[in-house]
Every structure is written in C-alpha cells, then in structure tokens.
Amino acid sequence: MVNAKVEAGQPYSLTVLNQNSKFQQFALFQTIPDIVGPSVNPVSLAWMLGGAAPGSVSNPSQSVFSWEINYQVNTGYIQDQGTTTNPRRFTTASNADVMINTQNAIGITYLGPFPYGAPAFPAGPTNGKAGLISVQSDDKIPTAVVQASQSVSVNVGIAMNAKPTIVVQALPNLLYQFTPKPTYYIIAGSFVQGQVIDTATSSNAYQVAYQGVTDRTIIFTEQNQFQDS
C-alpha cells in the first residue's frame, strides 16, 4: 500500500483524461490504513465528485481534482437502508477543524433526544498523541440497540477539505483514533456527495498512488478502465 504524504497544507491534484466516447462521472474516495480502538470497520465515502465530457484518444476531455492536506472531525448520520434514487450516505451534523500532531483530540456528545437531537462537539480540540486524530465519545451517545431501533447510525470520522472521507459508528464511552495516512481511489459511476462506497463498488476502483509526487494524470479508456498516462 502506498500512502500519500500528510504534510499539513500540502496541495495535491489529479487529472483524468477521458478517452471514452460517453460522458463520465468520477468519484474519489479514501481508505485509512489504521483506526485504533474498538470501532467497526471504517466506511469510505464518496469524497470528491467530477465529470468529463465525451472524449477520444486523439482529443480526450478532462476532469481535474485538487485538494490540500487538512483535516476536520465530522459527526452525523447514515441511514440503514438506501435506494437507487436515495443511496446510503453520510449526513454531517457537526464538524471541527483538527491538526495532525497538535490540536488533534476532541470529545463528542449527543444533544437532545435521539433521533431528533444531534451529535456535537461540546468543546474545541486539545493536544493529543502526535500522529493520531482522537475522538472520545461520552455516555450521551445512543447505544447500538437504540440506534438500530431507529434504522439509523450515529457516526464519527474525519474529513479533508471540509468533505467527509471516512466514518465509523459512534458508540458511548469509546475512544476512536484515526491515523491520517490516506490512500486514494477513483471510480466511475453515478454517485452523490458522502455516499457510502460498498464492497461491490470498491472492487472496481483504481488506486491513485502519490509516491514522491503531488500531481498525477491518469486515463479513462473506451474500455471503461483507468490506466496510467
């Protein structure tokens, strides 16, 4: 696995050259190599969306993504069921800016009755263990049984450039620690912002590795495949 650099403020870009004769929508998503704590498997979300007009080998169209390495902690909800017109996705309720080595620990609570209240951060971040983004839940977070009774989960995770990337289910009195070393993937298809990237979908994704570089260009071919340029 090749991880991107994690220097704060570092700009990155990805250019997709669309040689396909049809309009294409692309979604970037991330995976995190390590989440410390008793959390369930992390859920990847459609992080950045882009489109490209029909193109050809001799005259490809372009879709350009750009971002900087900065982080937020997000909390919100994911519904248990989705449809083709309303897919499962993460909806943000609260967020807070954090860093990687300082100002990287924060608490999460739930305000009001579930599910008509909201998860929130009662105070700003403090200094935690360097290299980890830590979130401590309190006893006001609904239990797994209570969340399941409403067919919705409370989630907490991290975002980059103010768009959520990874979440896990939030449960009471637990510490969640995220290692901010993302691996980037791109996929073609129809997506909405924050949509849950399921296993079947992610099997068709293409890893975009940033090894010693911060700008990449790849090709989407007439055979509906990504490849290096």
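Residues numbered from 1 in each chain as written. Predicted model: local features only at pLDDT ≥ 70, side-chain atom pairs only at ≥ 80, totals over all residues. Heavy atoms only, no water.

Draft legend 1. A look at the sheet that holds strand S13 (residues 163-169). The five strands lie next to each other as S4-S13-S12-S7-S8, forming an open sheet whose pairing is antiparallel. Of all the strands in the sheet, just strand S4 (43-44) and strand S8 (90-98) have a single pairing partner and so form its edges. Examined bridge by bridge, strand S7 (residues 71-79) and S8 share eight bridges and lie antiparallel to one another. Looking at S8, one finds that Tyr77 is bridged to Thr91. (Pairing = 2+ DSSP bridges. Helix = DSSP H or I, 4+ residues; strand = E, 2+ residues; numbered from the N terminus.)

Draft legend 2. Local environment of the nonpolar core. Grouped together as the largest cluster of nonpolar side chains are 45 residues, with contacts concentrated most on Leu14, Val16, Phe65, Trp67 and Ile186. The element best represented in this core is strand S12 (residues 152-160), accounting for five residues. Residues within four places of Phe65 in sequence aside, it is in contact with Tyr12, Ser13, Leu14, Val16, Phe26, Leu28, Met48, Leu49, Gly50 and Ile186. Among the nonpolar cores identified, the runner-up in size contains seven residues, and Ala27, Phe29, Tyr185 and Ile187 belong to it. (Core = buried A, V, L, I, M, F, W, Y, C linked by side-chain atoms within 4.5 Å. Buried < 20%, exposed > 50% of the residue type's maximum accessible area, 1.4 Å probe, protein only. Contact = heavy atoms within 4.5 Å.)

Draft legend 3. Focus on the sheet that holds strand S6 (residues 61-68). With mixed pairing, the four strands of this open sheet are ordered in space as S6-S1-S17-S18. Across the chains shown, the open sheet's two edge strands, defined by having one partner strand only, are S6 and strand S18 (226-228). Taking the axes of each pair of neighbouring strands and ignoring which way they run, one obtains an average angle of 25 degrees across the sheet. As defined by bridge partners, strand S17 (residues 215-220) adjoins S18 across three bridges and the pair is classed as antiparallel. Residue Ile218 lies in a different strand from S18, and its bridge partner there is Asp228. (Axes fitted to C-alpha atoms, helices over the stretch in contact; angles between N-to-C directions.)

Draft legend 4. Representation of the packing of aromatic side chains. This model, assessed by the stated rule, comprises 14 aromatic pairs. Consider the rings of Tyr12 and Trp67, whose centres lie 6.0 Å apart with planes at 10 degrees: the pair is stacked. Of this pair, Tyr12 sits in strand S1 (residues 11-18) while Trp67 is found in strand S6, placing the two residues 55 residues apart along the sequence. Where Phe29 meets Tyr185, the ring centres are 5.5 Å apart and the plane angle is 15 degrees; that geometry is what we call stacked. Placement of the pair is Phe29 in strand S2 (residues 24-31) and Tyr185 in strand S15 (residues 183-188), with a sequence separation of 156 residues. Side by side, Phe29 and Tyr185 carry an identical accessibility label, which is buried. Within the aromatic cluster, the residues linked to one another by ring pairs are Tyr12, Trp47, Trp67, Tyr184 and Tyr210. (Phe/Tyr/Trp six-rings, centres within 6.5 Å; stacked < 30°, edge-to-face > 60°.)

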